[in-house]
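# Reading the structure
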Amino acid sequence: VLADRYSRSRVLVYSSSVAALSQAIVAWSVLDGSATVLSLALLGALNGASAGIALPASQALVPQTVPTHNLREANALVQLGIYSGTVIGASLGGILASSVGPGWGLAIDAMGFAAAAPLYFMIRVASSRVSASQSNILQDLKEGWKEFASRSWVWSIVVQFTIINAAFSGVVMVLGPAIADATFGRANWGIIVAAESVGLIVGTFIALRWRPHRDLFIGVMLVGLCSAPILLLS
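Summary of the structure given here. Keep in mind it's a predicted model, so treat the numbers as computed, not measured.

## What to know about the overall build of the chain
In terms of regular secondary structure, the chain is built from ten helices and zero strands. When the elements of the chain are put in sequence order from the N terminus, they spell out α-α-α-α-α-α-α-α-α-α. Taken along its principal axes, the extent of the C-alpha atoms in the chain is 55 × 40 × 30 Å. For the chain, buried positions account for 22% of its 234 residues. Put simply, 82% of the contacts in the chain that link residues at least 6 apart link residues at least 24 apart. Surface exposure of the chain reaches about 15400 Å², of which carbon and sulfur atoms provide 71%.

Right under this line is the structure:
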């Protein structure tokens, strides 16, 4: 709703700034030893809310910058940039966490958000349609929910990834580092996360070239491979 009612570039600037601030506070609390589960949870919720605002806005910018027939390739290239950055970030994060501690790694993460904010000012796109002035946020949400619920292929994939994200992220992001601490170490865990991102990059190149007839069906079936690292970790 916010991405439709306001300038998407401005929404991204503000969300990045909020993420930078929240992550900086997390880093400070970890470094000075004052972090608690409650404070980290609250700051994590704030950071997640900023991501929840940023993701729709950034995704909505792509169709405004390229012709419709190039949208698939544009989305793949955007993801390629994200995954490439993840490879570098995960590797450096593992090295930082093992050498200077997680607090400084979080501080650099906050700096990344802060550096991203002014870059969004450089995005120039045609003005999108502004919602009618007589509408309000609740009406916009109701209209959006109606459109969402009317497309079974959209909500069924959302349900699928609600389950997958809970299982995969819960195991890999929560249990993974704990198991790494007890066994093969944080630096190696950073390499493992980077290896996952290398696979994402390979998948992006495949998506750029491979155009199967039922690509969405094949895509959601291939997600079943996410179970492999969970089984190996166990």
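## Concerning the packing of aromatic side chains
As enumerated under the stated definition, the model contains two aromatic pairs in all. With centroids separated by 5.2 Å and ring planes inclined at 40°, the aromatic side chains of Trp 145 and Phe 148 adopt a geometry described as tilted. Placement of the pair is Trp 145 and Phe 148 together in helix H6 (residues 137-149), with a separation of three residues, close to one helical turn. A residue is classified by how much of its surface remains accessible, and Trp 145, at 57% relative accessible area, is exposed. The exposure class of Phe 148 is partly exposed, given its relative accessible area of 24%. Both rings, one in Phe 184 and one in Trp 189, keep their centres 6.4 Å apart while their planes meet at 25°; by these two values the pair is stacked. Over the face of the ring belonging to Phe 217 we find Arg 214, whose NZ or CZ atom lies 4.8 Å from the ring centre.

## Description of a nonpolar patch on the surface
Together, Val 1, Leu 2, Tyr 6, Ile 53, Ile 137, Leu 138 and Leu 141 make up a nonpolar patch on the protein surface, roughly 630 Å² of accessible area in all. Per element, the largest residue contribution to the nonpolar patch is three residues, and it comes from H6. Inspection of the secondary structure assignment puts Ile 53 in helix H3 (residues 37-61).

## Looking at the nonpolar core
Among soluble globular proteins, nonpolar side chains are generally buried collectively. Counting residues in hydrophobic clusters, the biggest one holds seven residues: Ile 164, Phe 168, Val 172, Ala 180, Trp 189, Val 223 and Leu 233. Per-element tally for this core: the top contributor is helix H7 (residues 152-182), with four residues. When neighbours within four sequence positions are excluded, Ala 180 is seen to be in contact with Gly 185, Arg 186 and Trp 189.

## Here we look at the pattern of salt bridges
Taken as a whole and judged by the stated rule, the model has one salt bridge. Here Arg 151 and Glu 147 are joined by a salt bridge, their closest N and O atoms 2.8 Å apart. Since its relative accessible area comes to 36%, Arg 151 is described here as partly exposed. With relative accessibility at 40%, the residue Glu 147 sits in the partly exposed group.

What counts and how
Residues numbered from 1 in each chain as written. Predicted model: local features only at pLDDT ≥ 70, side-chain atom pairs only at ≥ 80, totals over all residues. Heavy atoms only, no water. Helix = DSSP H or I, 4+ residues; strand = E, 2+ residues; numbered from the N terminus. Buried < 20%, exposed > 50% of the residue type's maximum accessible area, 1.4 Å probe, protein only. Contact = heavy atoms within 4.5 Å. Areas by Shrake-Rupley, 256 points an atom, 1.4 Å probe, with all protein chains shown as cover. Phe/Tyr/Trp six-rings, centres within 6.5 Å; stacked < 30°, edge-to-face > 60°. Lys NZ or Arg CZ within 6 Å of the ring centre and 35° of its normal. Patch = residues over 30% accessible without salt bridge, like charges linked within 9 Å, V, L, I, M, F, W, Y side chains within 5 Å. Salt bridge = Lys/Arg side-chain N within 4 Å of Asp/Glu carboxyl O. Core = buried A, V, L, I, M, F, W, Y, C linked by side-chain atoms within 4.5 Å.

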